[in-house]
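Topology and contacts: notes
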Amino acid sequence: MSSSVSVAIEKGVAVVTIDNPPVNALSFHVRKPLYEALTALRDDPAAKAIVIACAGRTFIAGADITEFGKPIEQPELRAIVALLETIAKPTIAAIHGTALGGGLELALGCHFRVVDQGAKLGLPEVKLGLLPGGGGTVRLPRLVGAAKALGMIVSGTPISAGEAKAAGLVDAVFDGDLLAQAVRFASEMAAGGGPFVPVRDRNDRLAGTDLAAFDAQAAELAKKARGLEAPLACAEAVRNAITLPFDEALAAERQLFVKLVSGDQSRAQRHLFFAEREAAKVPGKDLQRRVIERVGIIGAGTMGGGIAMAFANGGFPVTLLETGEEALQRGLAMIEKNYAVSVSRGSLTDEAKRQRLGLFKGGTDYTDLADCDLIIEAVFEDMAVKKEVFGRLDAVARPGAILATNTSYLDVNEIAASTSRPQDVLGMHFFSPANVMKLLEIVRADKTAPDALATVADLARRIGKVAVAVGVCHGFVGNRMLSARGAENEALLLEGATPSQVDKAFTDFGWPMGPFQMGDLAGLDIGWRNRKARGQTAVIADTLCEQGRFGQKTGRGWYRYEGGSREPVADPEVEALIRAKATGIAPRAIDAEEIIERTLYPLVNEGAKILEEGIAARASDIDVVWANGYGFPVGKGGPMFWAGLEGAARIVERLGYWHRQTGRAIFEPAPVLRRFAETGRWEAL
Ligand code: NAD
């Protein structure tokens, strides 16, 4: 036990080293010896100063999340921080790697923080639906001011060592041997003689806070919270730090934390956190991975360009292949423009832009792909074109190269069969814009080799993607469920709902936008073209397209967009068109509850079918897809988790009702959903 924390005193400076691999989480078996060590050092005259440091690759990267939801064993973090603040000799946190969450809160209990120049510091609790519950909301504002603290705590995004120094969070930034310099810093402080004022007693940065400006900033953030409680609780806690005495603000922080940690939203967000880690695991942990150095991309359109950027951002050299010089130059110019936008926004340096562009090579001849280890096809969504591309790839790609398709819907088995090496073929379904969106569906075809799948899953992590392995079916997990979600959209309109009513039911639920707004954003012509190719119709959407109403890009779609604005305005013309098409249907009032039942219940039901068919390995994988690729509100944990909150028995019952009403297959409750209603567990039968 005590091996997690060791103490060495040298020339009057005690160094307390925490060693709890991999990330020095603040588990009980760290907290207990740490508390004991600090208690002893407080009263030990041999120690004139105390440095807290960590072994391994990082400072404390957070609480031990496996302890969440369980009774916390004493001493908890708050007790350690309180103990630190009773120590009269100088205490110094020496931070390398990341100081996150409870790690940073512990450091805030010290008089000083010194950091390695590569360190990052942050309070990411909000991302788990929580607030920093170890005094972070009350102490951080005392060092960096209320406005900066609010931004850090509500975003949860860590800041760099330089930014932390400028903000007042850290006292020194060191290059080289951190511990040696921290010890020297500690000796100097001890020699200086103090007094050493704990953070809790420093009020100078708070004294001048402009409360009205703070409230305005908090109100702005509240608007973006879209129904999430944690960001609001974070803002409330920081406000308390300004307006209440320290101990009262600390107690209020505790109350807010306790409320959040037992609530559904935080449960949902913690579920997603673990679900992402679980989804990253594909069978074959011990399989030798293939070496991927150069990546080839075929097609430099919307997706190809974005995918190429995602790899260049991850440091991979990329070869882009197009049908002709002009299309190639257009693609490369778009990539350059996207990087230029990042530079103008300040999120990328000029030098980084130059470096990334230096990773690109263009070509129009398939032999240009001969030295690529992974080749991703992103050409038109047309089976004949894809087969031709894979046939030509087969002729030039080196043996063992992984051949991937970015198809949205097409059968990856059929594509694989157009090569002589189906074991090397799989789907890599990126989402638009591919350099931004985190989700990657990795499509495992019947003959895909396990090592190819495992290689791509690892690679996804290296380029910052959240990967989920899925099986072959029309639209895979995400787009297949999206079709189920949208199957009733037109029926709802014909029966009396308006596009704005449907969209409002979605945004009230917590989606960033509703299906009609999303259609306008993506372009209604895409679905129209797909329907025509598949011999399908959508009576209202088709008519809108025939009228040239393609959505935002033409200024009119389901809504009107005035003067190039992105703000949708309800259009009486569309409402008249809907009524004209609804021959023989008397319009009735349709409430939000019915909209949810007819859109989101089929979404869950389709997820259950996907589980039954083994297209997804776990219900939580489906949640990861929907939270990362389609904007499912994270506070509800994804469709399969939400089904539990909503009540599976209710969903089965209401689906049954709508099935009887309409006879439509999307409403027929799936056996796996019925089972979930009985057992509370998602499992294939
Ligand atoms: P796009 O029309 O923007 O780009 C396709 C590009 O491929 C064009 O630049 C075209 O010149 C090039 N191309 C066509 N045939 C080629 C060939 N034989 N060799 C080399 N280049 C060729 O299309 P997109 O939106 O980028 O879609 C590409 C693929 O990605 C499709 O399969 C699509 O279903 C899929 N996808 C699209 C999205 C999306 O939101 N747009 C999302 C996920 C997946």
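Before going into details, it helps to say that this report is about the structure given with it. What you see is a predicted model; the values in this text were computed from it and never measured.

1. Focus on the sheet that holds strand β13 (residues 374-377)
Strand order across the open sheet formed by eight strands is β12-β11-β10-β13-β14-β15-β16-β17, with mixed pairing between neighbours. The open sheet has two edge strands with one neighbour each: β12 (360-363) and β17 (466-471). Ignoring which end each strand starts from, the neighbouring axes of this sheet average 25° apart. Looking at chain direction, strand β15 (residues 425-430) and strand β16 (residues 439-444) are connected through four bridges and run antiparallel. Its bridge partner lying in β16, Met428 is registered against Ile442. With respect to the sheet, helix α14 (residues 325-345) is in contact with β11 (318-321) and β12, its orientation differing from that of β12 by roughly 160°.

2. A short note on the pattern of salt bridges
Within the structure shown, the criterion is met by 53 salt bridges. Glu488 is the salt-bridge partner of Arg664, the closest N and O atoms lying 2.3 Å from each other. Residue Arg664 is located in the loop between α29 (648-662) and α30 (671-679), and its partner Glu488 is located in the loop between α19 (478-486) and α20 (489-494); the two are separated by 176 residues in the primary sequence. Classification of Arg664 by relative accessible area gives partly exposed; the value is 34%.

3. Considering the packing of helix α26 (residues 592-612) against α29
Two elements in contact, α26 and α29, have axes separated by 10 Å at closest approach and are oriented at 105°. Accordingly, the angle class assigned to the pair α26 and α29 is roughly perpendicular. From α26, Glu593, Glu594, Glu597, Arg598, Tyr601, Pro602 and Asn605 reach across to α29, where they touch Arg650, Ile651, Arg654, Leu655 and Trp658. Taken together, the residues of the contact of α26 with α29 break down into five nonpolar, one polar and six charged.

4. Comments concerning the pairing of β16
Along β16, five of the six residues are buried, which leaves the element largely enclosed by surrounding structure. In the sheet, β16 pairs with β17 via six bridges, with the strands oriented parallel. Looking across to β17, one finds that Arg444 is bridged to Gly471. A crossover links β16 with its parallel partner β17, the connecting element being helix α18 (residues 450-462), and its sense is right-handed.

5. Remarks on the packing of aromatic side chains
Under the definition given, this model contains 20 aromatic pairs. Here Phe509 and Phe632 contribute two aromatic rings whose centre-to-centre distance is 5.8 Å and whose plane-to-plane angle is 85°, an arrangement assigned as edge-to-face. Remark: Phe632 occurs in the loop between α27 (619-629) and α28 (639-646) and Phe509 occurs in helix α21 (residues 499-509); sequence separation between them is 123 residues. Assigned by exposure class, Phe509 and Phe632 land together as buried. Seen in terms of ring centroids, Trp511 and Phe632 are 5.0 Å apart; in terms of plane orientation they differ by 70°. Their pairing is edge-to-face. With a gap of 121 residues between them, Trp511 in the loop between α21 and α22 (515-522) and Phe632 in the loop between α27 and α28 connect regions that are remote in the sequence. Taking relative accessible area as the criterion, Trp511 reaches 1% and is therefore assigned buried. The class of Phe632 is buried, set by a relative accessible area of 2%. Linked through ring pairs, Phe431, Phe506, Phe509, Trp511, Tyr601, Trp626, Tyr630, Phe632 and Trp642 together constitute an aromatic cluster.

Scoring rules and cut-offs
- Residues numbered from 1 in each chain as written.
- Predicted model: local features only at pLDDT ≥ 70, side-chain atom pairs only at ≥ 80, totals over all residues.
- Heavy atoms only, no water.
- Pairing = 2+ DSSP bridges.
- Helix = DSSP H or I, 4+ residues; strand = E, 2+ residues; numbered from the N terminus.
- Axes fitted to C-alpha atoms, helices over the stretch in contact; angles between N-to-C directions.
- Contact = heavy atoms within 4.5 Å.
- Salt bridge = Lys/Arg side-chain N within 4 Å of Asp/Glu carboxyl O.
- Buried < 20%, exposed > 50% of the residue type's maximum accessible area, 1.4 Å probe, protein only.
- Parallel < 35°, antiparallel > 145°, perpendicular 65-115°, else oblique.
- Nonpolar A, V, L, I, M, F, W, Y, C, P; charged D, E, K, R; others polar.
- Right-handed = clockwise from strand over helix to strand, strands pointing away.
- Phe/Tyr/Trp six-rings, centres within 6.5 Å; stacked < 30°, edge-to-face > 60°.

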